[in-house]
Amino acid sequence: MSQSDEIRENSASRGWRLWLWRLGIAAWLVVLGLALLALRKEWSHFRLRDLDHALSQLGWPHILLAVVCTGLSYFFNAAIDLFSLKWIGRKLPTGRALGCSFISTAFSLNAGGTLLGGGGVRMRLYTGLGLTPGEVARMAGFAVIAGWAGHALVAGTLLMMAPQALPMLPAPAARGLGAVMAAGALALAFARALPVRKGRWPARWIEKCPPVKLAAGAWISSALDWLLAGLAIRALLPADTGSLGTAGFLGVVVIAQLLSAVSHVPGGMGVLELSVTQLVGKSMPGSALAAALLAYRVIFYLGPFAVAAGWMGLREAWGRRVVVQRGLVFVAGFWRRLGPRLAALMALTGGFLLMLSANTPMEVARRQWLEAFLPLTLVEVSHFLSSVAGVALLIVARGLQRRVNAAWWAAVMLSISGVVFSLLKGVDYEEAAVLGFLLACLLPFRGHFHRHARVWSRRFTLEWWLLLGGLTWVAVWLGLFASRHVEYSQALWWQFSFDSDAPRFLRGMVGMAVVFGAVILMQCLRPGLSRRETNGGALTEGEWATVFSLIRKEPQSSASLALLGDKRFIFSPEKDAFLMYGQQGRSRVVMGDPVGNEEAWDDLLWRFSEEAEDAGCRPCFYQISAGVMPRFVDMGMRLYKLGEEARVSLPGFTLDIPETRKLRHARNRMAREGGSFGMWTTPAEVAAGMAELRAVSDAWLGKHSASEKSFSLGRFEESYLQRCPVAVVIRDGKVCAFANLWTGDGREELSVDLMRYGPDAPAGVMDFLFAEMFLWGRAQGYRWFNLGMAPLSGLRAHPLAPLWQRLGAFVYERGGAFYNFHGLRDFKNKFNPEWSPRYLAVPGAWHLPAVLVDITTLIGGGWRGVLGRQKKSASSTPAQEAVTAPDPVPVPAPPAGETRPRPLPPSPSAASPAL
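This structure is a prediction, so every number in the text was calculated from the model and none was measured.

Some details on helix α24 (residues 661-672)
Taking 1.5 Å of rise per residue, the 12 residues of α24 would be expected to cover 16 Å, and the 16 Å separating its terminal C-alpha atoms lies within 8% of that figure. For α24, the complete set of buried residues consists of L663, A666 and M670. The buried residues of α24 occupy an angular sector of 60 degrees when projected down its axis, which confines them to one face. Across from the buried face of α24, at angles greater than 90 degrees, the exposed residues are A671 and R672. Of the surrounding elements, those touching the buried residues of α24 are β7 (675-680), β8 (726-731) and α28 (765-780). Positive phi shows up at G674, right after α24, with a value of about 85 degrees.

Observations regarding the packing of aromatic side chains
Taken as a whole and judged by the stated rule, the model has 28 aromatic pairs. A ring pair is formed by F653 and F774, whose centres lie 5.0 Å apart and whose planes are at 70 degrees; its orientation type is edge-to-face. Of this pair, F653 sits in the loop between β6 (638-649) and α24 while F774 sits in helix α28, and the two are 121 residues apart along the sequence. Aromatic ring contacts, followed pair by pair, group Y74, F102, Y296, F300, Y301 and W311 into a single cluster. Across from the ring centre of W87, 5.1 Å away, lies the NZ or CZ of R138, which sits over that ring.

Here we look at unusual backbone geometry
Even without being glycine, D732 reaches a positive phi, approximately 55 degrees. Turning to its location among the elements, D732 is positioned in the loop between β8 and β9 (734-743). Judged by relative accessible area, which is 68%, D732 ranks as exposed. Phi is positive for N832, which is not a glycine, with a value near 55 degrees.

Overview of the pattern of salt bridges
Inspection of every chain in the model, using the stated rule, returns 23 salt bridges. Its salt-bridge partner being E611, residue R607 comes within 4.0 Å of it at the nearest N-O pair. Taken together, the residues R607 and E611, both in helix α22 (residues 601-614) and four residues apart, mark about one turn of the helix. Across the pair, E611 and R607 agree in class, each one buried. Note that R647 is salt-bridged to E749, the shortest N-O span being 2.8 Å.

Section: the pairing of strand β3 (residues 587-591)
Burial within β3 is extensive, with five of its five residues counted as buried. Residues S587, V589 and M591 point to one face of β3 and R588 and V590 to the other, with burial holding for every one of them. Taken together, strand β2 (residues 577-584) and the strand that follows it, β3, pair antiparallel across an intervening segment of two residues, in which G585 is found at a positive phi of about 60 degrees. In this sheet, strand β5 (residues 618-625) lies alongside β3 in parallel orientation, the contact comprising five bridges. Bridged to R588 within β5 is P619.

What counts and how
Residues numbered from 1 in each chain as written. Predicted model: local features only at pLDDT ≥ 70, side-chain atom pairs only at ≥ 80, totals over all residues. Heavy atoms only, no water. Helix = DSSP H or I, 4+ residues; strand = E, 2+ residues; numbered from the N terminus. Expected span 1.5 Å × (residues − 1). Buried < 20%, exposed > 50% of the residue type's maximum accessible area, 1.4 Å probe, protein only. Arc of directions from axis to C-beta. Contact = heavy atoms within 4.5 Å. Phe/Tyr/Trp six-rings, centres within 6.5 Å; stacked < 30°, edge-to-face > 60°. Lys NZ or Arg CZ within 6 Å of the ring centre and 35° of its normal. Salt bridge = Lys/Arg side-chain N within 4 Å of Asp/Glu carboxyl O. Pairing = 2+ DSSP bridges.

As structure tokens, this is what we get:
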């Protein structure tokens, strides 16, 4: 047989085994369903309260006796494995062998026929102790034979003693059956002692049987296991078992265990109970029998299974303790990230539950306990204060969402108070548990709530007010519904007693209303933002000095966009960080990541969002990096990928490799044509050549029918260019191309902004300029050269990807007629850059279309700049697009109502160095 035929045969065999396994599962599921239906019919003659009464009559001595019988039964069952180990000639520590046997037996009894069956567990445990799979299989075979032999011995003996255990057979037939079963078990035990001549077929079979002493010990151990299992359920029954007697009932149980095992239903669920009920008949009350069977199910099956599962879990954890330790470290790190984010949600949940509990009647049992141990005054005060604490937690939740330090302190105090009040007012441990979880989300993470602001320093949004109002309305409505049978009167306000739930509800409503009224009043009377805060304003010279200072210290070169003068700023209280943003329509758009001290970023981001919402605007964040994404997730923003940014590693950049041969050829061609590269690094040098730069810029704009951009792109402004180094290409003594550069602190990053060339520039001038800027940046010790973003690059068209990703990928692939997306990425790819994603953060998905339009308008310099642009020439090259293309997803112009352009930062002196 060829190898391919063997593979097909094995595959077919595995397929048949899989289908047989599935059919087996389906079969026992059908048996389980039929057994439960029949059991429902058998137990339909008594009511649930009868069963509850019968369960309450089970005394602790009976339960303890059943537990002892269960423990002994499992012990004798586990002892069978000691005999099987002796039979296969292996020695293991007795304690370990008994433990492995107990675990596998518990799994087999409760999960036989499933993936958690005892066979696989037994194999895993014993092979872990050094046994081979073959030896474990021989042990299992011996245990099965010993188990059923012991069962036959016990069942046969009981049937001979009490044939009424099988009511469907006449007494002589039942005794005869019992005698046959007992005799068969004994014959099997003494088979090794039978006198049989060697060479005959029985001899070969008998030689494989265990020795008489070994078999007798295993058989007796198995018999005691079955007998004690029956005694465990007998201990839960009344003393009088009717006509059956104890022996007859034990026989019924042993026969029922046989039927449940044959059914292959896990744990014999339903089958065992149905078999015992039908075999017992009317010999004892149905409710008492049902109560005993249910208690037996818990004691004999579920209890040991829980112990075995826990034991197995501890064994596995100890065996893989290194992995477990790593897992614990991971869980701790995960909780550090998740806990603070859950705090606001848990504060809402805890506050709502406190209000809900305060507005509903106490349970009778808990009320009686309070009457016995606590004074009425303490209960009434706790009830009222729990309502107030619930409302206060709802209010504080907003501050927790904004990471306000005062909100953290308030939430901790309210949670501790809520735990105390919930226990004193009605032993409401449920609310106490929820508030305890809230404390677990707060106490370890105080450092995450670092904003030093008032809890309600900003007005609540409409959505937040609707949420608070909805939760309060539900709590009040439930209180009114629970008190609907109580007729209102003035006297209710002054009734104080343990059973006066409606008066407590009314007083609690007053407390909630007072808290809500105070918060609403404080929100309405809160001082509004100044005109300068809401509309922005020209920065003072001192503020511009702060901006310049922070830009010089910022490693990311994109901070130089602040020099354009077309943005507004929000500073941290210590003036060590700022956000720059523009406004178009109702969109306030932050450009890039915050600049400055990273510890102040959270406060800046929240302040910006709050001020935007107070002014009726939508806060947006454009071209943010992946590193700040968690902050925006905490703020509830929706994130959309815009594209990917390219950065070239300068220390390893060289022109002496095949990948950069085009740059090398462009450099050599420019040298042959008399072109040279120069770098103007001081404002004086830039000012001296400003006229030439303007001539090149005007010619370039005229050729491409383009207008100056803004916001995320620079524009030709003399004061702006004098603050940046300018790279120039000089040919025949004149500038034919130039680019201004942004520099980062610590020589971390270098980036290009404007890149323009004149009509007399030779072909390949842009490649030459890039090559020279890379080499100059490497010589100056810079680590990276930022090439900017490739719009819609890196978005996935996978069917499971979000709609924005699929739409962006479609435009990227099919939108070449409007914008050369592929050409731009290919142009940047030839420099072998590293790509990193850039994102747009907006308050919600429904804001996205309007935000995109507003951002486009900001970048285009207003609607006139957007609508007045002519379509680019079809012959434009990727290199031309690299220096002409605006950012992919658009942005804003001057805010509505402003007619004058915003002032540029003060011009540098001729002697001051460029940034």
